[in-house]
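Examination of the molecular architecture
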Amino acid sequence: MSSFLPAPRRLAVLLAACGVLAAPAHAAPLPIVVDKVLLQQPSVRSAQALLRAAEAQITQVRSDFLPSLGLSYRNSDSRDETQGRRVDRNVRRSDASLRWNVFNGAADTNRLRAAGFTRDAADADLDSVLEQVAFEITEAYTDVVRLRQTMTSLQATIARQEKVEASVAQRVDAGRISSAELDLMHVRLIQSRTLLGQLRAQLGTAEYRYRLLTGEAPDELVTPGLRSRSVEADIDALVERIQERNPRLRAALQRGMARKADIGVARGSFFPAVDLSVNKRLDNSTIPVPVSDTDRAAQLQVSIDIPLGGKNLGRHSEAVERHQAAQADADDLLLKVSREITDLYRQFAEAREIAPLTERRVVAAQRVAAAYELHFEAGRRSLNDLSIAQEDLFNAQRALIENRAQQTTLQAQLLSLAGELRDTLRTHYQPAPILPELLGTTPYNPALAAAPVPVVDALPAPEMALAATPSAAGAATTAAAPTRPATTAEEAATASPEQRLEAWAAAWAARDFDTYRAFYLPDFQPGKGRSTAEWESERRSRVSQAQSPSIRIDGLKLRPRGADHLSMRFTQHYSAGHYRDTVRKQIDWVKVDGQWKIAAETVLAPPPQAATVVAAPPQ
């Protein structure tokens, strides 16, 4: 650590890691954290330095194409003997030379090509390091969120176990049950608290790693999410695209091209080198003047060097072998990357496929745990049954948390392999927190939990044209004017679900909130922590203030879920005033006293082509 960070920053990181410095109130979103600290990482700075060195090498090679200029000056004292007489002589001379290699078998050209490929490889190495560091930060960020959510779930489980322990202790004191039951609760609590300690240690390690990577305390982090089509493609197309864009593979291929250019450099040594040189004496002063001396001179010289021996042949053989080794390394990396992509994609596809099942498992476990707690109080279930149900609830919530984290980590790793993670974080990042209801112990509405994405607000009150169901003939009908909704008890009792949907739409279009509200359960739960009263107030305002709403529904699908439960899914094309959009929607119906009532209303993921919002909808 001390060799990688400046002293002030190093001190701040160490103090923050030890909890000495106060943490900021809120942590920045993941994309901002990545952009802020990415260029500060030692591995990134090293790759940047190597890239600059490769660019400097190109400058050196280019200088070989230019002539070299030489200047020399001589000032000497000597004692000569002429005809038996000794003479002390001073000689001062100035010479200039210009030398230019005019042919060397294209060695300089190939050397420049090799330097260019090396520079491209260094640039690809920098991209690879940037993507790897971005992934490491994303992984550390996600790991902290995962462990915190798991600890929160376990703490809620421990609280419930302590509550049951107190109830069991009272029964043991009253002599109603055996003390072994209390020992069982002690064992369960010890197991849970031991696991909590392990998670706390793992969280401390994860937070410290996050601080080392970012220099910031991991406060107020939320589950990250990436919206990208990179992992939606067919596996073969995905592998092909990542092979083309993978920075490591691109660097290996560029190094192979550089080694191939080195073969051209070695081949140039087989040709004679032709040099052109021009020499000129600029000044000559000799005191005393000898009998004869050269005062001024100019010389043009052409020299040819013909290599002999096996040195150049060995150099050529070395270059060929190095090129083959580089090509083999690139091929090996291609196989490794292809296997890695395939393995990651399979894991991601599997995690994404089972994601709805993990949510349903949590909902079912919540209901079982709550029911078993009531049964235990009534004496209909054993303490062991209740303990197992509480443990199953924690395991279900833990599986949900780990599934979300696994999806984010695998998707980020795939994007990193494609060299697209940094760009995706900037353009397609959105927080994807798990619904608080799914992490609690209170039973959650199954109709809401069955949806694959979190519940969002319903749109403003529209006027609707309901498309025919697959079993009905004809195209979708367009409602020019609102139709009268079925409001009598007799009509509501005999209406089919499709008719109830049409009547519900007509009430919406007529802005009749009282009739519109009657289609929902009296205790309708809108989700997102809002109460029924808050939802009614908001919907009353939106229903009554919609300006000339119109809606078209197509792709209506019905899915029975028993005799008294039914789900509808359809695509809704909505417009009101200058507002336009298209969404996928699910409505879950429950039969109450012979009438179909809305138990849940969910906006699903948008369809492939969504309309553009022209102006904000009326508030």
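Right, let's walk through the structure included here. Given the structure is predicted, the values throughout are model-derived calculations rather than measurements.

Reading the values: rules and limits
Residues numbered from 1 in each chain as written. Predicted model: local features only at pLDDT ≥ 70, side-chain atom pairs only at ≥ 80, totals over all residues. Heavy atoms only, no water. Helix = DSSP H or I, 4+ residues; strand = E, 2+ residues; numbered from the N terminus. Buried < 20%, exposed > 50% of the residue type's maximum accessible area, 1.4 Å probe, protein only. Contact = heavy atoms within 4.5 Å. Areas by Shrake-Rupley, 256 points an atom, 1.4 Å probe, with all protein chains shown as cover. Phe/Tyr/Trp six-rings, centres within 6.5 Å; stacked < 30°, edge-to-face > 60°. Salt bridge = Lys/Arg side-chain N within 4 Å of Asp/Glu carboxyl O. Patch = residues over 30% accessible without salt bridge, like charges linked within 9 Å, V, L, I, M, F, W, Y side chains within 5 Å. Lys, Arg positive; Asp, Glu negative; His and termini not counted. Charge placed at Lys NZ, Arg CZ, Asp CG, Glu CD. Axes fitted to C-alpha atoms, helices over the stretch in contact; angles between N-to-C directions. Parallel < 35°, antiparallel > 145°, perpendicular 65-115°, else oblique. Left-handed = near helix turned anticlockwise from the far one by under 90°. Pairing = 2+ DSSP bridges. Core = buried A, V, L, I, M, F, W, Y, C linked by side-chain atoms within 4.5 Å. Expected span 1.5 Å × (residues − 1). Bend = angle between axes of the 7 residues up to and from the residue. Nonpolar A, V, L, I, M, F, W, Y, C, P; charged D, E, K, R; others polar.

**Section: the overall build of the protein chain**
Of regular secondary structure, the protein chain possesses 15 helices and nine strands. Looking at the protein chain as a whole, 43% of its 619 residues qualify as buried. Nonlocal contacts in the protein chain, meaning residues at least 24 apart in sequence, comprise 75% of its contacts between residues at least 6 apart. Of the roughly 32400 Å² of accessible surface on the protein chain, 53% is carried by carbon and sulfur atoms.

**Topic: the packing of aromatic side chains**
Within this structure, the stated rule accounts for eight aromatic pairs. Centre to centre, the rings of F103 and F271 are 6.2 Å apart; their planes meet at 85 degrees, and the pair counts as edge-to-face. In this pair, F103 sits in strand β2 (residues 85–103) while F271 sits in the loop between α7 (247–268) and β3 (273–287), placing the two residues 168 residues apart along the sequence. Here F103 falls in the partly exposed class, since its relative accessible area comes to 38%. Using a relative accessible area of 43% as the deciding quantity, one classes F271 as partly exposed.

**Overview of the pattern of salt bridges**
Counting across every chain of the model gives 27 salt bridges. Two residues, E377 and R171, come together in a salt bridge whose shortest N-O distance is 3.2 Å. Residue E377 is located in helix α8 (residues 311–377), and its partner R171 is located in helix α4 (residues 107–173); the two are separated by 206 residues in the primary sequence. Judged by relative accessible area, which is 45%, E377 ranks as partly exposed.

**A closer look at a positive patch on the surface**
Taken together, the side chains of R360, K557, R559 and R561 present a region of like positive charge at the surface. Residue placement: R559 occurs in strand β6 (residues 550–560). A relative accessible area of 45% places R559 in the partly exposed class.

**A few points about unusual backbone geometry**
Unusually for a residue other than glycine, E220 sits at a positive phi of about 55 degrees. Along the chain, E220 turns up in the loop between α5 (179–214) and α6 (235–245). A relative accessible area of 53% means that E220 is categorised as exposed. One non-glycine residue, D593, lies in the positive phi region at around 55 degrees. Residue D593 is classed as exposed on the basis of its relative accessible area of 77%.

**Re the packing of α5 against helix α9 (residues 383–417)**
Each pair of packed helices gets described by two things: the angle between the helix axes and the distance between those axes. Their axes nearest at 10 Å, the elements α5 and α9 cross at an angle of 15 degrees. It follows from the interaxial angle that α5 and α9 lie roughly parallel. The chirality of how α5 crosses α9 is right-handed. Here E181, L184, M185, R188, L195 and L199 of α5 lie close against α9, whose contacting residues are L383, N384, S387, I388, E391, F394 and R398.

**Quick notes on the pairing of strand β1 (residues 68–82)**
Where β1 lies against β2, 15 bridges are found, and the strand directions are antiparallel. Bridging across to β2, L71 finds its partner in A96. Between the antiparallel neighbours β1 and β2 lie two residues, among them Q83 with a positive phi of about 55 degrees.

**Considering the nonpolar core**
The nonpolar side chains of soluble globular proteins are, as a tendency, buried together. I137 and L421 are the most contacted members of the largest nonpolar core, which has 39 residues in total. If you list the elements that add at least two residues to this core, you get α2 (30–37), α3 (42–62), α4, α5, α9 and α10 (421–427). When residues in this core are grouped by element, the largest group, 15 residues, is from α4. Listed in part, the 21 residues of the second largest apolar core include F513, Y516, I553 and I598.

**Digging into the side chain of Q161**
Here Q161 is to be found in helix α4. Beyond its immediate stretch of four places on either side in the chain, Q161 contacts M185, R188, L189, S192 and Q390.

**A look at α8**
With 67 residues, α8 should cover 99 Å at 1.5 Å per step; its first-to-last C-alpha distance of 93 Å lies within 8% of that length. Approximately 40 degrees is the largest bend angle found in α8, and it occurs at A355, with the proline P356 only one to four residues beyond. Backbone geometry just downstream of α8 places G379 in the positive-phi region, at approximately 80 degrees.

**Let's talk about a nonpolar patch on the surface**
Together, W100, V102, F103, F270, F271, L276 and L313 make up a nonpolar patch on the protein surface, roughly 660 Å² of accessible area in all. Among the elements that take part in the nonpolar patch, β2 stands out by supplying three residues, more than any other. Of note, W100 is situated in strand β2.

**Some remarks on the packing of α7 against α8**
At a minimum axis distance of 8 Å, the contact between α7 and α8 shows a crossing angle of 170 degrees. The angle between the axes of α7 and α8 places the two elements in the roughly antiparallel class. Two secondary-structure elements touch here, α7 through R248, L249, A252, L253, R255, G256, R259, K260, D262, I263, A266 and R267 and α8 through R315, H316, A319, V320, R322, H323, A326, A330, L333, L334, V337 and E340. In the contact of α7 with α8, the residues fall into twelve nonpolar, three polar and nine charged.

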